[in-house]
Number of protein chains: 2
Amino acid sequence: VSSSDPSTQPLRADAQRNRDLIVRAAREAFSKVGPSVSLNEVARRAGVSAATLLRRFPSRGDLIAVVYAEKICQYVDAMDAALADPDPWNGFRSYLETAFQLQASDRSFADVLTASLPSAPQFAEERRRAARALPLLIERAQAAGRLRADFVHQDVALLLIAVAGVADAMRDVAPEAWRRAAAVIIDGLQVTAGTPLVDAPTTAQTYRAFARERPDQRWR
Amino acid sequence: VSSSDPSTQPLRADAQRNRDLIVRAAREAFSKVGPSVSLNEVARRAGVSAATLLRRFPSRGDLIAVVYAEKICQYVDAMDAALADPDPWNGFRSYLETAFQLQASDRSFADVLTASLPSAPQFAEERRRAARALPLLIERAQAAGRLRADFVHQDVALLLIAVAGVADAMRDVAPEAWRRAAAVIIDGLQVTAGTPLVDAPTTAQTYRAFARERPDQRWR
């Protein structure tokens, strides 16, 4: 973040207030509507004009960076904690539970995480750390004889999509129900399982799946 | 189906041809777009006028009844076969695999099955049979000590939603990948599993989740 970034300049009180309203509205809109929510929708929820929103956040990516900073940190912290866990299965499982939780509470989380939003370069380092840590987590849990041997890192994406579908569908009627699907899935990952898996999708394929709803980075 | 139903009258060759085109287009449109696909979209895919479609199928439900007759039969047949299986776990598991397969190949399948499309009274008897058979299937597999004891029939809906989400997201990039999620889930249902589940949603809640995309029964 360079010093010419307007978001780092001190703001007058009314400008700061508008900024807070926009960030709060965007957090809700991204999590409920999705990352392709329109400029006008965010402005309407924030109660500011489209011109005010554009002045403060010239592109969608500028707003995404602010909204997701905390969640991306939580995700990377969960990986660090999992790697530090002396019980490899417990570490892997705790990491996956955090990932499910982050995705269930925000349907755009995996999109941001998998960089299907390329104009959020602020998270490039976090993405690299996560990409390095995940294979280690999987290998440790498999070497300990607890995680099924046919599990690959692309399965994390598949299972995030599975849990996110339940969370989306049940959000208004039974907001905790996704935890049942998540618990069944975690139990199905243990080495006691016995159903052979079909070939895994490639990494590129899973990225394309998340990118299906890739929004235009310019506001419209 | 009464004898005054126009769909049972013999048709002239060109009318029969149009009817076949409409049914084929609707099958594709329901499975890919969803049950709320517009009249104009179905007509466009069929290459007929909206007036022709409306003359043949005055409401959405008339077309749904024709398109889903075969799939609903497959579902009910899978339940009958499962109940007749001497191995209760194998029966339950085969039934669930068929349900996953039907849902993965057609995103509207569960909507039709759960009667969130109320104007398809043709399937009322099949729905009643399925509603009677499912608890029996679950009880048998639990009594045999193979299906986890905390599994309830509402979980079938949750898990269909989970698998459907993966199938939808991966359809264009890795169309078989949903089978990995399905296999993990099936393994997680076995009694060797150990993660306690949160409370199940009620039946009404799961129906409301499927009904979120409930289309207007009139064409628009």
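It should be emphasised that the depicted structure is a prediction, and the values quoted were computed from it without experimental measurement.

Novice: Could you give an account of the overall build of chain A, with specific residues and numbers?
Specialist: Scanning chain A from terminus to terminus reveals 10 helices and 0 strands. Taken from the N to the C terminus, the helices and strands of chain A come in the order α-α-α-α-α-α-α-α-α-α. Relative to its full complement of 220 residues, chain A shows a buried share of 50%. For chain A, restricting intrachain contacts to residue pairs at least 6 apart in sequence, the fraction spanning at least 24 positions comes to 74%. By element, 51% of the accessible surface of chain A is carried by carbon and sulfur atoms, the whole surface being about 9,800 Å².

Novice: So what's going on with the environment of Arg180(B)? Which residues, and what values?
Specialist: For Arg180(B), the position within the fold is in helix α9 (residues 178-188). Its relative accessible area of 4% is what places Arg180(B) among the buried residues. At a separation of 2.6 Å, a polar atom in the side chain of Arg180(B) contacts the side chain of Asp155(A).

Novice: A description of the packing of aromatic side chains should follow, citing residues and the corresponding values.
Specialist: Residue and element names in this part refer to chain A. Across all of its chains, the model carries 12 aromatic pairs over all chains by this definition. An angle of 55° between the planes, with centres 6.3 Å apart, marks the rings of Phe92 and Tyr95 as tilted. Of this pair, Phe92 and Tyr95 are both found in helix α5 (residues 88-104), 3 residues apart, which corresponds to roughly one turn of the helix. With respect to class, Phe92 is no different from Tyr95; both count as buried. Here a set of aromatic residues connected by ring pairs shows up, and it is made of Tyr75, Trp89, Phe92, Tyr95, Phe109 and Phe151.

Novice: Break down the pattern of salt bridges for me, with residues and values.
Specialist: If you walk through the whole model with that rule in mind, you get 26 salt bridges over all chains. When the shortest N-O distance is used, the salt bridge between Arg148(A) and Asp187(B) registers 2.9 Å. Of this pair, Arg148(A) sits in the loop between α7 (124-143) and α8 (154-170) while Asp187(B) sits in helix α9, each in a different chain. Pair check on accessibility: Arg148(A) and Asp187(B) agree, each one buried. Three or more residues joined by partner-sharing salt bridges are found here, namely Glu28(A), Glu41(A), Arg44(A) and Arg45(A).

Novice: Go over the packing of helix α8 (residues 154-170) of chain B against α9(B), please, and point to the residues and values.
Specialist: Residues and elements named next belong to chain B. Across the interface, α8 lies against α9 with an axial gap of 8 Å and an inter-helix angle of 155°. The pairing of α8 with α9 is recorded here as roughly antiparallel in orientation. Here α8 and α9 pass one another in a crossing that is right-handed. Counting all contacts with α8, which are made through Leu159, Ala162, Val163, Val166 and Ala167, the residues of α9 involved are Trp178, Ala181, Ala182 and Ile185. Residues belonging to the contact of α8 with α9 are distributed by class as follows: 9 nonpolar, no polar and no charged.

Novice: Can you explain the side chain of Gln190(B)? Please cite residues and give values.
Specialist: All names here are of chain B. Checked against the element boundaries, Gln190 lands in the loop between α9 and α10 (203-210). Within the structure, the side chain of Gln190 is placed 3.2 Å from the side chain of Arg146, a separation counted as a polar contact. In contact with Gln190, other than residues within four places in its own chain, are Trp89, Arg93, Arg146 and Arg148.

Novice: Give me the confidence of the model for chain A: which residues, what numbers.
Specialist: All names here are of chain A. Confidence in the prediction of chain A, expressed as mean pLDDT, is 81, and 78% of residues score 70 or more. Taken element by element, chain A is modelled with least confidence in helix α10 (residues 203-210), mean pLDDT 60, and with most confidence in α5, mean pLDDT 93. Across the interfaces of the predicted complex, the ipTM metric reaches 0.76, alongside a pTM of 0.77.

Novice: Tell me what's going on with the packing of helix α4 (residues 60-84) of chain A against α7(A), and back it up with residues and numbers.
Specialist: Residues and elements named next belong to chain A. The geometry of α4 relative to α7 is characterised by a closest axis approach of 10 Å and an angle of 35° between their N-to-C directions. In the packing of α4 onto α7, the handedness of the crossing is left-handed. For the pair α4 and α7, the contacting residues are Ile72, Tyr75, Val76, Met79, Asp80, Ala82 and Leu83 in the first and Glu126, Arg129, Ala130, Ala133, Leu134, Leu136, Leu137 and Arg140 in the second. A breakdown of the residues in the contact of α4 with α7 according to their chemical character gives 11 nonpolar, no polar and 4 charged.

Novice: Kindly report on helix α9 (residues 178-188) of chain A, identifying the contributing residues and their values.
Specialist: Of all 11 residues that make up α9(A), 10 are buried, and the element is covered over most of its length. Burial in α9(A) covers these residues: Trp178(A), Arg180(A), Ala181(A), Ala182(A), Ala183(A), Val184(A), Ile185(A), Ile186(A), Asp187(A) and Gly188(A). Elements in contact with the buried residues of α9(A): α5 and α8 of chain A together with α8 and α9 of chain B.

Rules used throughout
Residues numbered from 1 in each chain as written. Chains lettered and ligands numbered in written order. Predicted model: local features only at pLDDT ≥ 70, side-chain atom pairs only at ≥ 80, totals over all residues. Heavy atoms only, no water. Helix = DSSP H or I, 4+ residues; strand = E, 2+ residues; numbered from the N terminus. Buried < 20%, exposed > 50% of the residue type's maximum accessible area, 1.4 Å probe, protein only. Contact = heavy atoms within 4.5 Å. Areas by Shrake-Rupley, 256 points an atom, 1.4 Å probe, with all protein chains shown as cover. Polar contact = N/O pair within 3.5 Å; in protein donor to acceptor, adjacent residues only side chain to side chain. Phe/Tyr/Trp six-rings, centres within 6.5 Å; stacked < 30°, edge-to-face > 60°. Salt bridge = Lys/Arg side-chain N within 4 Å of Asp/Glu carboxyl O. Axes fitted to C-alpha atoms, helices over the stretch in contact; angles between N-to-C directions. Parallel < 35°, antiparallel > 145°, perpendicular 65-115°, else oblique. Left-handed = near helix turned anticlockwise from the far one by under 90°. Nonpolar A, V, L, I, M, F, W, Y, C, P; charged D, E, K, R; others polar. pLDDT = per-residue confidence, 0-100.

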